[in-house]
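# Overview (structure and organization)
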Amino acid sequence: MMKVVKATGLVPVHTATDKRVFGVYPAQAAKGIQDGTLIAVEIPDDIETFEVALAPAPASAPAETPEDAEEVKIPDDWEALHWATQVVIAKGILKAELPDLSDKKPADVARDIIRDELARRASGAKSPDGSGDTTQTTGNAGENA
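Now for a description of the structure that goes with this document. Model, not experiment: these values are computed from the prediction.

As a further point, take the overall build of the protein chain. Within the protein chain, the secondary structure is distributed over four helices and five strands. Going through the 145 residues of the protein chain one by one, you find that 31% of them count as buried. Contacts in the protein chain between residues far apart in sequence, at least 24 positions, make up 50% of those at least 6 positions apart. Working note: accessible area of the protein chain is about 9000 Å², and carbon and sulfur atoms make up 56% of it.

Residues V11 and V13 of strand β2 (residues 11-14) are buried on one face, and the alternating residues P12 and H14, pointing to the opposite face, are buried as well. Two strands pair when backbone bridges link them, and β2 and strand β3 (residues 22-24) are joined in this way by three bridges, in the antiparallel orientation. Across the sheet, the residue bridging to V13 is F22, located in β3.

Let's shift gears to the layout of surface pockets. Within this model, the second largest pocket holds a volume of roughly 360 Å³. For the second largest pocket, the lining is made up of 20 residues, of which T17, V87, K91, E97 and P106 are closest to its centre. The element that contributes the greatest number of residues to the lining of the second largest pocket is helix α2 (residues 83-94), accounting for five residues.

One way to put it is that α2 packs onto helix α3 (residues 106-123) with a least axis distance of 8 Å and a crossing angle of 50°. Relative to α3, the element α2 lies oblique. Crossing geometry of α2 relative to α3 is assigned as left-handed. Contact with α2, carried on its side by W83, Q86, V87, I89, A90, I93 and L94, involves P106, A107, A110, R111, I113, I114 and E117 of α3 and no other residues of that element. Broken down by class, the residue content of the contact of α2 with α3 amounts to 11 nonpolar, one polar and two charged.

Next up on the list: the nonpolar core. Counting residues in hydrophobic clusters, the biggest one holds 13 residues, and the most contacted among them are I74, I89, A90, I93, L98, I113 and I114. The set of elements that each furnish at least two residues to this core consists of α2 and α3. It is α3 that contributes the most residues to this core, five residues altogether. In this structure, V11, F22, A29 and A30 belong to the second largest nonpolar core, which totals 10 residues.

Turning our attention to the pattern of salt bridges. Counted under the stated rule, the structure contains 12 salt bridges. Between E79 and R115 there is a salt bridge, and its shortest N-O distance comes to 3.6 Å. With a gap of 36 residues between them, E79 in the loop between β5 (49-52) and α2 and R115 in helix α3 connect regions that are remote in the sequence. By relative accessible area, which is 42% here, E79 ends up partly exposed. Here R115 falls in the partly exposed class, since its relative accessible area comes to 28%. D112 serves as the salt-bridge partner of K104, at 2.2 Å between the closest nitrogen and oxygen.

Conventions and cut-offs
Residues numbered from 1 in each chain as written. Predicted model: local features only at pLDDT ≥ 70, side-chain atom pairs only at ≥ 80, totals over all residues. Heavy atoms only, no water. Helix = DSSP H or I, 4+ residues; strand = E, 2+ residues; numbered from the N terminus. Buried < 20%, exposed > 50% of the residue type's maximum accessible area, 1.4 Å probe, protein only. Contact = heavy atoms within 4.5 Å. Areas by Shrake-Rupley, 256 points an atom, 1.4 Å probe, with all protein chains shown as cover. Pairing = 2+ DSSP bridges. 1 Å grid on protein atoms, 1.4 Å probe; cavity = no way out; pocket = protein on both sides within 12 Å on 5 of 7 lines; lining within 4 Å. Points joined across faces, edges and corners; volume = space filled by probe spheres on them. Axes fitted to C-alpha atoms, helices over the stretch in contact; angles between N-to-C directions. Parallel < 35°, antiparallel > 145°, perpendicular 65-115°, else oblique. Left-handed = near helix turned anticlockwise from the far one by under 90°. Nonpolar A, V, L, I, M, F, W, Y, C, P; charged D, E, K, R; others polar. Core = buried A, V, L, I, M, F, W, Y, C linked by side-chain atoms within 4.5 Å. Salt bridge = Lys/Arg side-chain N within 4 Å of Asp/Glu carboxyl O.

Have a look at this one:
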């Protein structure tokens, strides 16, 4: 079970590398907690909460092939999203952890990855996994690049 703050409808979480607490919607929290990118925060007793079920982890699914791998959705307002959400999107694009660049913060690395992906989609190039699916998922990719 996962506790949700009644006043906001959000689940307080932090990342493994940044202990600053922020709130996300329960579905996003469940996914992040299950994949290890988010850590739930203990809510003080004086804050009114309700509990929701943390969806069970999917059964061992067969590995995706590049042909049926789903392209990561990048919302139109991705630049306005919390930096931790941008990191999750970037990890999805890479299908791996972010590279450790000592001269850049993870949020800056994530933004660069998302911008590069939007530029790739806008140009019609093949995706990094080699599939030909270059469907653009945002309406203003050229403006974000």
